[in-house]
Amino acid sequence: MADIFSVIADPTRRQLLSLLLERYVSEESATASGASEGEYSVSELVGHLELSQPTVSKHLKVLRDAGLVAVREEGQHRFYKIDVAPLEDVEDWLIPFLSADFDTAEEDALWDNASDAVRSAAATFGQNVGRRAAQTSHAVKSVTEDLVSKLRR
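Conventions and cut-offs
- Residues numbered from 1 in each chain as written.
- Predicted model: local features only at pLDDT ≥ 70, side-chain atom pairs only at ≥ 80, totals over all residues.
- Heavy atoms only, no water.
- Axes fitted to C-alpha atoms, helices over the stretch in contact; angles between N-to-C directions.
- Helix = DSSP H or I, 4+ residues; strand = E, 2+ residues; numbered from the N terminus.
- Parallel < 35°, antiparallel > 145°, perpendicular 65-115°, else oblique.
- Left-handed = near helix turned anticlockwise from the far one by under 90°.
- Contact = heavy atoms within 4.5 Å.
- Nonpolar A, V, L, I, M, F, W, Y, C, P; charged D, E, K, R; others polar.
- Salt bridge = Lys/Arg side-chain N within 4 Å of Asp/Glu carboxyl O.
- Buried < 20%, exposed > 50% of the residue type's maximum accessible area, 1.4 Å probe, protein only.
- Core = buried A, V, L, I, M, F, W, Y, C linked by side-chain atoms within 4.5 Å.

Where helix α2 (residues 11-25) meets helix α4 (residues 42-49), the axes come as close as 11 Å, and the angle between the chain directions of the two elements is 120 degrees. With respect to α4, the element α2 is oriented oblique. For the element pair α2 and α4, the recorded crossing hand is right-handed. On α4, the residues touching Q15, L16, L19 and R23 of α2 are E44, L45, H48 and L49. Here the contact of α2 with α4 is composed, by residue class, of four nonpolar, two polar and two charged.

Set out below in structure tokens:
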């Protein structure tokens, strides 16, 4: 598990994973690019990140070695796709922190003063986030944002 944390600690690799996740869950962009579902070519990733090809390739190799991405070779071209299975260890480790009952006095006070419209919007937002999280299956970005938010409380 420590290896996964060191791999995802790098902001460039997290950005690569986010791009690959977006492509994976967006069938429209995968079809429009002509790539198989969920794949990005190295040149597409270079264009999105505005980094050199060797730098992007170096980070992709680290992600590949950690099992976080799969590569498909087609001639001289490489197409990368996210593999979320190794992130399940991270999720398993994070869940107790995300579901812990931290001091909620401030949160309770906010809810006591919230209008019905705010409560309704929050409930709708929560339902939409839940559906999206289920669809993306272990989205690193969402889990990280939730953890940061709860740790700041």
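Right, picking up where we left off after that structure.
Attention shifts here to the pattern of salt bridges. Tallying each qualifying case throughout the model produces five salt bridges. Of the charged contacts, one joins E44 and R23 as a salt bridge, the two residues approaching to 3.8 Å between their closest N and O atoms. Remark: R23 occurs in helix α2 and E44 occurs in helix α4; sequence separation between them is 21 residues. The class for R23 is buried, based on a relative accessible area of 6%. The partner of E74 in a salt bridge is R72, with the nearest N and O atoms 2.6 Å apart. Overall, E74 belongs to the partly exposed group, its relative accessible area being 43%. Residue classification places R72 among the partly exposed residues on the basis of a relative accessible area of 26%. Where salt bridges share partners, they join E39, R72 and E74 into one cluster.

The tendency in soluble globular proteins is for nonpolar side chains to be buried as a group. Core analysis: the largest hydrophobic core is formed by 25 residues, its most contacted members being L60, L63 and L68. Those elements giving two or more residues to this core turn out to be α1 (2-8), α2, α4, α5 (53-65), β3 (77-82) and α6 (87-99). If one sorts the elements of this core by residue count, α2 sits on top with five residues. The contacts of L60, once residues within four sequence positions are left out, are L16, V42, L45, V69 and Y80.

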